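So you can see what is in the structure, the chains are spelled out below.
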Amino acid sequence: MLTWAAFSVQKPAQFAGKFSTYSTLVRGHTGVTAERKNGLFICARGIACGPIKRRGIEMRSKKVTVDGILFDSKTEADYYVFLRYQEKTGAISNLRCHPRYELIPAITTMQGKRQRAINYILDFDYIRDGKRVAVDVKGWAMEDAQLKRKLFQWKYPTIELQWVAKSLKWGHAGWIDYDDLQTLRRREKRKK
């Protein structure tokens, strides 16, 4: 469900006061561009739509720059600092940021239309004990991420893929495997 309201660009606060729940902004519609003002997305023609939410969770990640590299979130930047420390101590080597792995190559259909390749852009990869390890830092995994993970593991069976999440409660040095974190959260929720 997408909540829309036709307010002028100057009155996003009125929109926020009137509507308390927002849903995902639908992309791909012609003429729908958005910019962020006062915590709201202001779309084309002065239509105000709320902040993007996915599965009921509001996405509040802010881009952060560390060592001249732009990261999608502070959590990702923190993990980069953690990996840089490990690289300096010699535990890992050949650290790369935002490596691109092709999952499905570009094709041309029978009608002659060209379709782009499908790539998985991970957050990091490095070499540990002679093996390549690819890392994706997750806050919340969307359905397409699950599919990309399976395709990656099928196409690159020799590369270890890790999904990590930040958890001060359960993680070692603040980091834990994403799937383990989800299991621990489900168990704790059942206990309540």
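To be clear, the structure that these remarks concern was listed above.
Throughout what follows, the structure given in this document is the object of discussion. Everything quoted here is computed from the prediction, not taken from an experiment.

### Brief notes about the pattern of salt bridges
At step 1: This model, assessed by the stated rule, comprises 10 salt bridges.
At step 2: Here D67 makes a salt bridge to R84, at a shortest N to O gap of 4.0 Å. Taken as a pair, D67 in the loop between β6 (64-66) and β7 (69-71) and R84 in helix α2 (residues 74-89) lie far apart in primary sequence, 17 residues in all.
At step 3: D67 gets classed as exposed once you look at its relative accessible area, which sits at 57%.
At step 4: Between D78 and K166 there is a salt bridge, and its shortest N-O distance comes to 2.7 Å. Here D78, found in helix α2, pairs with K166, found in strand β15 (residues 160-166); they are 88 residues apart in sequence, far enough to count as distant.

### Looking at the packing of aromatic side chains
At step 1: Considering all chains together, one arrives at 12 aromatic pairs under this definition.
At step 2: Ring centres of Y120 and F152 lie 6.0 Å apart, and the angle between their planes is 85°; on these two criteria the pair is classed as edge-to-face. Of the two residues, Y120 is situated in strand β12 (residues 118-121) and F152 in helix α3 (residues 143-155); the sequence distance between them amounts to 32 residues. Here Y120 matches F152 in class, with each residue buried.

Calculation criteria
Residues numbered from 1 in each chain as written. Predicted model: local features only at pLDDT ≥ 70, side-chain atom pairs only at ≥ 80, totals over all residues. Heavy atoms only, no water. Salt bridge = Lys/Arg side-chain N within 4 Å of Asp/Glu carboxyl O. Helix = DSSP H or I, 4+ residues; strand = E, 2+ residues; numbered from the N terminus. Buried < 20%, exposed > 50% of the residue type's maximum accessible area, 1.4 Å probe, protein only. Phe/Tyr/Trp six-rings, centres within 6.5 Å; stacked < 30°, edge-to-face > 60°.

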